[in-house]
Amino acid sequence: MYVAVKGGERAIENAHRLLANARRGDQSVAEVTLDQISEQLGLAVDRVMSEGSLYDRELAALAIKQARGDLIEAIFLVRAFRATLPRFGTSEPVDTGAMLVQRRVSATFKDIPGGQILGPTFDYTHRLLDPSLAEGFVPETPATAETSAALTPRVTDILGRDGLIESSPEAEDGASVGDLTREPLNFPADRDLRLQNLARGDEGFLLAMGYSTQRGYGRNHPFVGEIRFGEVEVEFAAEDVGFAVPLGAIELTECQMVNQFKGSATEAPCFTRGYGLAFGQSERKTMSMALVDRALRARELGEEALAPAQDEEFVMSHSDNVQATGFVEHLKLPHYVDFQSELGLLRKLRKEFAEANAPDAMKEAAE
Amino acid sequence: MNAPAYNFAYLDEQTKRMIRRAILKAIAIPGYQVPFASREMPMPYGWGTGGVQVTAAILGPQDVLKVIDQGSDDTTNAISIRKFFAKTAGVATTTATDEATVIQTRHRIPETALHENQVLVYQVPIPEPLRFLEPRETETRRMHALAEYGLMHVKLYEDIARFGHIATAYAYPVKVNARYVMDPSPTPKFDNPKMDNCPALQLFGAGREKRIYAIPPYTQVVSLDFEDHPFEPYRFNAPCALCGAENSYLDEIVTDDKGGRMFVCSDTDYCEGRQAAGHHGSLSAAPYKEKAHG
């Protein structure tokens, strides 16, 4: 005899208990600490902070631990927490030109004021598995030098002085910057919202989209004007005090792409910009973002928008991995009510098909 | 560490006000999809975040909440959402349809007729009824604005030309208050007539797609059809094997791998209520066992 399915509540509790055990793994192995995650899996923390839109290394590390290393799940945890935080204002724009750079490279000029600084990078490492890292590895002390007093102006600013690259539009005084986590998104969306969407967007999705522009689906001839990674100060203009108060320093990666030029009968030709910015050290993300940002400017720059990466609705509606994973994974929820409805319809159609194609029906038709 | 502290029913009051404004607008324009700044909820998108936000925004301490998924109070996601509100709002919960003041649902409308003091909150995955005919939001919003629904009728007509019937079994489109074509969420079309002239307020929340829409009480809701192909609700032609109901929507249960099937009410509260009232089906416990094997 059939017994109606009960006990879902206990099943859930037991499943979560089992998950907690699986998360901890073999208990004779030492537990990973948040400091270890933050210090030794720092790029994972950076990604979770970026796509989670919350700059908090400790919470991001906790999310990674709680998510068993599943970064999209960790991003989801951070986002859900962030959604409950009160918003008390908008910071002053950060000045990436004044960044305390740890790394800074340009692909457009051999040397630049302030110099090229390779910094901590996987670039030029040979990707050979290194058994010495398995345990007890003590790295050599890094080479150091006196901090240079030289300024490190942004390469795009240098190009901009000669008018070779379009100027970045200045924000209107007092104009507020859009926030798609607070206002529903409508299309067409302005660039502030597009950049916010891309900054929160899935690294893999943006990588594929950016890559597609390089392969001809919306090609825009990019050069890396500059990638810089380092610390910037965040300031908040507190109305009570009457001036900007420093809130602290955050690590950022910024990528400025210099793209194919445009011009017209009335405007001298100049390079165009694509922009990428992310928390922490996230070069792949910011480079992809810059490519896609430029591609999405097709409409504004009067280009024909034919490729997926140039399609604002397509890119912005599908870039968010928390949304995407939720909807894809919801397919594992029960759908038996709608499925039953489809089954009923299909059976009816098949019955009618069988009747129409039965031998005597065919005979009748022939007569 | 910034230890989280949460408000009554999880959402902060500012967010609730924003959602309530969207709800009021939705009620004022029946069937129209109101964009709202959907928040990230602690459950995944696609798992009821729209419904949860609507419920969180309308829930008061005196409310009695019922949550169903596929008609049942005991499906895992229904339990999870019910526990979420029991924990964050401390409201009373129930499985009895007539005792609830707020009912959140996924994919079904309860069999028991709703009354005026109830709100039915639907979880909606894709709020746009025209989405699979036209993927662009900019385009579908224009079509709604102009009440340009020819494309939908062409689709239904093509179904008839190809299959002899309108081949939509769930999420069957309706026209609300003779103006907006609306997606009833993926409920089976069996449930469509229940939406028409319903005494309860019906609210629809789509979290991922950031839309809220509504059917105010006693509003006309018409399933799209043609004069010569009128709308027909589908129901498997059998009584419920547990309670014998002849008029409820049925789940099909596969009982073995030799083609064995049984059909039972999808609305578990309705089914249990009938059994408690002495109704029995062919496969319910004794004394009807003999009959089942006879």
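Residues numbered from 1 in each chain as written. Chains lettered and ligands numbered in written order. Predicted model: local features only at pLDDT ≥ 70, side-chain atom pairs only at ≥ 80, totals over all residues.

Colleague: Looking at this structure, how should I read the overall build of chain B?
Modeller: Scanning chain B from N- to C-terminus turns up 8 helices and 12 strands. Since a compact globule built from 294 residues should have a radius of gyration of about 19 Å, the 20 Å found for chain B is in line with a globular shape. Overall, the C-alpha framework of chain B stretches about 60 × 55 × 35 Å when taken along its three principal axes. Burial status across chain B gives 51% buried among its 294 residues. (Helix = DSSP H or I, 4+ residues; strand = E, 2+ residues; numbered from the N terminus. Rg over C-alpha atoms; globule rule 2.2 N^0.38 Å. Buried ≥ 20, exposed ≤ 12 C-beta atoms within 10 Å, placed from the backbone.)

Colleague: Just checking my understanding: could you explain the pairing of strand E11 (residues 250-254) of chain B for this structure?
Modeller: Within a regular strand, side chains alternate between the sheet's two faces. All names here are of chain B. Examined bridge by bridge, E11 and strand E12 (residues 261-265) share 5 bridges and lie antiparallel to one another. Bridge pairing links Val254 to Arg261 in E12. In sequence, E11 turns back onto E12 through a hairpin of 6 residues, with Gly259 there showing a positive phi of about 90 degrees. (Pairing = 2+ DSSP bridges.)

Colleague: What is the right way to read the nonpolar core from this model?
Modeller: Note on soluble globular proteins: their nonpolar side chains tend to be buried together. In terms of nonpolar packing, the biggest core is built from 105 residues, with Val48(A), Ala60(A), Val78(A), Val292(A) and Ile23(B) touching the most fellow members. When residues in this core are grouped by element, the largest group, 8 residues, is from helix H5 (residues 71-82) of chain A. Beyond its immediate sequence surroundings of up to four residues, Val78(A) is in contact with Val48(A), Gly52(A), Leu54(A), Leu59(A), Ala60(A) and Ala63(A). Judged by nonpolar contacts, the second largest core, of 20 residues, contains Leu242(B), Met262(B), Val264(B) and Cys265(B). (Core = buried A, V, L, I, M, F, W, Y, C linked by C-beta atoms within 7 Å. Contact = placed C-beta atoms within 7 Å.)

Colleague: Sorry, what's going on with the interface of chain B and chain A here?
Modeller: Often, the extent of an interface is quoted as the loss of accessible area on bringing the components together. Taken together, the contacts link 51 residues of chain B with 45 residues of chain A. Elements supplying a minimum of two residues to the side of chain B that touches chain A: helix H3 (76-88), helix H4 (137-145), E11 and E12 of chain B. Take the side of chain B that touches chain A: its biggest share by element is 4 residues, from H3(B). A breakdown of the residues in the side of chain B that touches chain A according to their chemical character gives 24 nonpolar, 14 polar and 13 charged. (Nonpolar A, V, L, I, M, F, W, Y, C, P; charged D, E, K, R; others polar.)

Colleague: Would you mind showing me how to read the sheet that holds strand E9 (residues 211-215) of chain B here?
Modeller: Strand pairing in a sheet relies on backbone hydrogen bonds. The paired strands run either parallel or antiparallel. All names here are of chain B. The strand order across the open sheet formed by 7 strands is E1-E9-E8-E5-E4-E2-E3, and the pairing between neighbours is mixed. Each of the sheet's edge strands pairs with one partner strand only, and the pair in question is strand E1 (34-35) and strand E3 (92-93). Both strand E8 (residues 201-206) and E9 contribute to a ladder of 5 bridges, which runs antiparallel. Looking at E9, one finds that Gln202 is bridged to Ile215.

Colleague: Please explain the sheet that holds strand E6 (residues 174-176) of chain B as it appears in this structure.
Modeller: All names here are of chain B. Strand order in this open sheet of 3 strands is E7-E6-E10, and the pairing throughout is antiparallel. Two strands in the sheet have a free side with no partner beyond their single neighbour: strand E7 (180-182) and strand E10 (221-223). Sheet twist, expressed as the average angle between the axes of neighbouring strands with direction ignored, equals 30 degrees. Where E6 meets E10, 3 bridges bridge the pair, whose relative direction is antiparallel. Paired with Lys175 across the strands is Val222, a residue of E10. (Axes fitted to C-alpha atoms, helices over the stretch in contact; angles between N-to-C directions.)

Colleague: Sorry if this is basic, but what is going on with the packing of helix H3 (residues 42-52) of chain A against H5(A) here?
Modeller: Two quantities define a packed helix pair, namely the angle between the helix axes and the distance between the axes. Residues and elements named next belong to chain A. Orientation of H3 relative to H5, taken along the N-to-C sense of each, is 45 degrees, at an axis distance of 8 Å. On the basis of the axis angle, H3 is oblique to H5. Both H3 and H5 take part in a crossing whose hand is right-handed. Residues Ala44, Arg47, Val48, Glu51 and Gly52 of H3 form the contact with H5, whose participating residues are Leu71, Ala74, Ile75, Val78, Arg79 and Arg82. (Parallel < 35°, antiparallel > 145°, perpendicular 65-115°, else oblique. Left-handed = near helix turned anticlockwise from the far one by under 90°.)

Colleague: Where do I start with helix H8 (residues 203-214) of chain A in this structure?
Modeller: Residue and element names in this part refer to chain A. The terminal C-alpha atoms of H8 lie 16 Å apart, and with 12 residues this matches the ideal 16 Å at 1.5 Å per residue to within 8%. Residues of H8 that are buried sit in contact with helix H7 (191-200), helix H9 (283-296) and helix H10 (312-318). Positive phi appears at Gly216, one or two residues downstream of H8, with a value of about 110 degrees. (Expected span 1.5 Å × (residues − 1).)

Colleague: Looking at this structure, I do not really get the pairing of E9(B). What am I missing?
Modeller: Residues and elements named next belong to chain B. Among the 5 residues that make up E9, 5 are buried, leaving the element largely enclosed by the rest of the structure. Here E9 shows a buried face lined by Arg211, Tyr213 and Ile215 and a second buried face lined by Ile212 and Ala214. Direction of pairing for E1 relative to E9: antiparallel, over a ladder of 2 bridges. Along E9, the bridge assignment pairs Val34 with Ile212. In this antiparallel pair of consecutive strands, E8 and E9, the connection spans 4 residues, and Lys210 shows a positive phi of 60 degrees.

Colleague: Please explain the confidence of the model for chain B as it appears in this structure.
Modeller: Detail in the predicted coordinates should be disregarded across regions flagged by low pLDDT. Residue and element names in this part refer to chain B. Chain-level pLDDT for chain B is 92 on average; 95% of the residues reach the 70-or-more range. This stretch, residues 286-294, has a pLDDT under 50; its non-local contacts, to residues over four places away or in other chains, come to 5 contacts. Confidence estimates for the predicted assembly give a pTM of 0.89 and an ipTM of 0.83. (pLDDT = per-residue confidence, 0-100.)

Colleague: Got a minute to help me understand unusual backbone geometry in this structure?
Modeller: Glycine aside, residues mostly have negative phi angles, and peptide bonds mostly take the trans form. In this model, Phe187(A) is joined to Pro188(A) through a cis peptide bond whose omega is -5 degrees. Within the secondary structure, Pro188(A) sits in the loop between helix H6 (155-161) and H7. Phi angles above zero are rare outside glycine, and Asn197(B) is one such case at about 55 degrees. Summarising the element assignment, Asn197(B) is placed in the loop between helix H6 (192-195) and E8. A positive phi angle is found at Lys210(B), which is not glycine, with a value near 60 degrees.

Colleague: In this structure, what is going on with the packing of helix H1 (residues 13-28) of chain B against helix H2 (residues 49-58) of chain B? I would like to understand it.
Modeller: Residues and elements named next belong to chain B. Packing of H1 against H2 leaves a shortest axis separation of 9 Å and a crossing angle of 100 degrees. One way to sum up the angle between H1 and H2 is to call them roughly perpendicular. Of the residues in H2, those in contact with Lys16, Ile19, Arg20 and Ile23 of H1 are Gln53, Val54, Ala56 and Ala57. Per-class residue counts for the contact of H1 with H2 are 5 nonpolar, 1 polar and 2 charged.

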